[in-house]
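Chain and residue survey
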Amino acid sequence: MILSISAITDQQILDTITTQLGELTWQDGRSTAGKRASAVKVNQQAVMSNEAGQALRQTLLPHIVENPILLAGARPRRFSHLIVSKTENGGHYGAHIDNALMGKGEGRMRSDLSFTLFLTPRDQYEGGELAIHNAGATQEIAGEAGQLVLYPSTSIHEVRPVTSGTRHVCVGWIESLIADGPQRELLFDLDNLRASLRAADGTDPALALTLDKSIANLLRMWAQP
């Protein structure tokens with residue numbers, strides 16, 4: 001399941017992000033890639049540990065970890081650290097698969113889902129599409145600033161070359177309470193059905209309660225807290 005989510009819609013916040021991007025310090029993006037991925041990664045990555053990086057993190061984080069659509073689709077157990085990358089001058093990130101396990105010690109996590117939050121208006125650069133390869137089909141996404149794409153970390157994916165301008169994105173990973181993708185999708189569909197029933201007039205309360213029970217019991221069966 002691939003979800004496209006309008007995570008940031010307030011133009012004032014997007015303008016603040018643009019200002020904060022200009023204050024960042026950048027380093028070679030290959031420093032955080034695995035051996036195979038680093039061979040196809042040509043971009044820059046922001047230093048997030050300094051004051052400017054932490055300020056941007058604080059701006060972005062609520063729009064990711066508190067987004068109701070992301071929460072329903074991902075059922076997060078934990079989030080990775082945020083990475084902000086800059087791609088320009090023909091830079092790209094060739095076809096790769098994300099590491100299955102990330103982090104160390106208590107921060108070690110399984111990558112079930114990946115996300116890309118686009119930070120640069122689409123008319124300010126060319127190329128740079130996120131290409132997600134699935135069996136028999138490839139989906140290319142050229143997101144507007146504030147759009148978040150959530151997709152399975154099990155998919156081979158890449159960033160097409162940026163042929164002009166500069167592309168900024170925030171990326172990260174999620175370990176889900178529900179490790180199985182089809183189970184997550186079923187729960188997401190049931191959540192959407194429940195929301196539709198609540199919005200409709202005259203919904204049978206007994207029917208709504210039965211749906212609540214079904215969702216809760218599926219979570220009991222599948223969740224890995």
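Up top you'll find the structure we're talking about.
Per-chain numbering applies: the sequence of each chain, read as written, is numbered from 1 onward. Reporting in this predicted model follows two pLDDT cut-offs: at least 70 for local features of residues, and 80 or more for side-chain atom pairs to be given and counted; totals over whole chains, interfaces and linings ignore these cut-offs and use all residues. Where side-chain values are given, they derive from all heavy atoms of the structure, hydrogens and water being excluded.

On to the sheet that holds strand β3 (residues 41-42), then. At least two bridges found by DSSP between two strands are what make those strands a pair. Put simply, DSSP marks the helices as runs of H or I at least four residues long and the strands as runs of E at least two long, and each gets a number from the N terminus on. Read from one edge to the other, the open sheet built from five strands follows the order β3-β7-β15-β12-β13, with strand pairing classed as antiparallel. The open sheet has two edge strands with one neighbour each: β3 and β13 (137-141). In terms of strand pairing, β3 meets strand β7 (residues 92-96) through two bridges, oriented antiparallel. Among the inter-strand pairings, Val42 is bridged to a residue of β7, identified as His92.

Right, let's talk about the nonpolar core for a bit. Only buried residues count toward a nonpolar core, which is a set of Ala, Val, Leu, Ile, Met, Phe, Trp, Tyr and Cys residues joined through side-chain atoms within 4.5 Å. Relative accessibility under 20% of the residue-type maximum defines a buried residue, over 50% an exposed one, and the middle range a partly exposed one, all with a 1.4 Å probe and only protein chains included. Of all hydrophobic cores here, the largest spans 31 residues; its most connected members are Leu60, Val84, Leu117 and Leu148. In terms of residues, this core owes the most to one element, helix α3 (residues 51-65), which gives five residues. Setting aside residues up to four positions removed in sequence, Val84 forms contacts with Leu21, Leu24, Trp26, Gln44, Gln45, Ala46, Met48, Leu56, Leu60, Leu119, Val169 and Cys170. By size, the runner-up hydrophobic cluster in this structure holds 14 residues, among which are Met109, Leu130, Val149 and Tyr151. Residue contacts follow a heavy-atom distance rule, with two residues in contact if any of their heavy atoms lie within 4.5 Å.

Turning our attention to α3. Take the number of residues in a helix, subtract one, and multiply by 1.5 Å to get its expected span. With 15 residues, α3 extends 21 Å between its outermost C-alpha atoms, agreeing within 8% with the 21 Å of an ideal straight helix rising 1.5 Å per residue. For a residue, the bend is simply the angle between two axes, fitted respectively to the seven-residue segment ending there and the seven-residue segment starting there. When the local axis directions of α3 are compared, the greatest deviation, roughly 30 degrees, occurs at Thr59, which is followed within four positions by the proline Pro62. Listed in full, the buried residues belonging to α3 are Ala52, Gly53, Leu56, Thr59, Leu60, Leu61 and Ile64.

This brings us to the pairing of β7. Where β7 meets strand β15 (residues 156-159), two bridges bridge the pair, whose relative direction is antiparallel. Bridge pairing in β15 places His96 opposite His157.

For helix α1 (residues 11-21), the complete set of buried residues consists of Leu14, Ile17, Gln20 and Leu21. In a view along the axis of α1, the buried residues occupy a sector of 120 degrees, so they form one face of it. Considering only its buried residues, α1 is in contact with β2 (26-28), α3, β6 (83-88) and β16 (162-176). Throughout this description, a polar contact denotes any pair of N or O atoms lying within 3.5 Å of each other; where both atoms belong to protein, one of them has to be capable of donating a hydrogen while the other can accept it, and for residues adjacent in sequence the pair is counted only when both atoms sit in side chains. For α1, the capping residue at the N-terminal end is Asp10, with a side-chain oxygen 2.8 Å from the backbone nitrogen of Gln12. Each direction from the helix axis to a C-beta atom contributes to the arc, which is the arc of those directions.

Two packed helices can be described by the angle between their axes and the distance between those axes. Note on geometry: axes are C-alpha line fits, over the in-contact stretch for helices, and angles between N-to-C directions span 0 to 180 degrees. Where helix α5 (residues 181-199) meets helix α6 (residues 205-222), the axes come as close as 10 Å, and the angle between the chain directions of the two elements is 160 degrees. If you check the angle between α5 and α6, you find them roughly antiparallel. In the crossing of α5 with α6, the sense of the turn from one axis to the other is left-handed. From α5, Gln183, Leu186, Leu187, Leu190, Asp191, Leu193, Arg194, Leu197 and Arg198 reach across to α6, where they touch Leu211, Asp212, Ile215, Leu218, Leu219 and Trp222. When describing relative orientation, an angle under 35 degrees is termed roughly parallel and one over 145 degrees roughly antiparallel, while 65 to 115 degrees is termed roughly perpendicular and anything else oblique. Crossings are sorted by hand: turned counterclockwise from the far helix by less than a right angle, the near helix makes the crossing left-handed, and turned clockwise it makes it right-handed.

It is worth spelling out the side chain of Ser176 at this point. Residue position: Ser176 is located in strand β16. At 2.9 Å, the side chain of Ser176 forms a polar contact with the backbone nitrogen of Ile178. What Ser176 contacts, discounting residues up to four positions off in sequence, is Ala74, Arg75, Pro76, Arg77, Arg110, Asp112 and Arg184.

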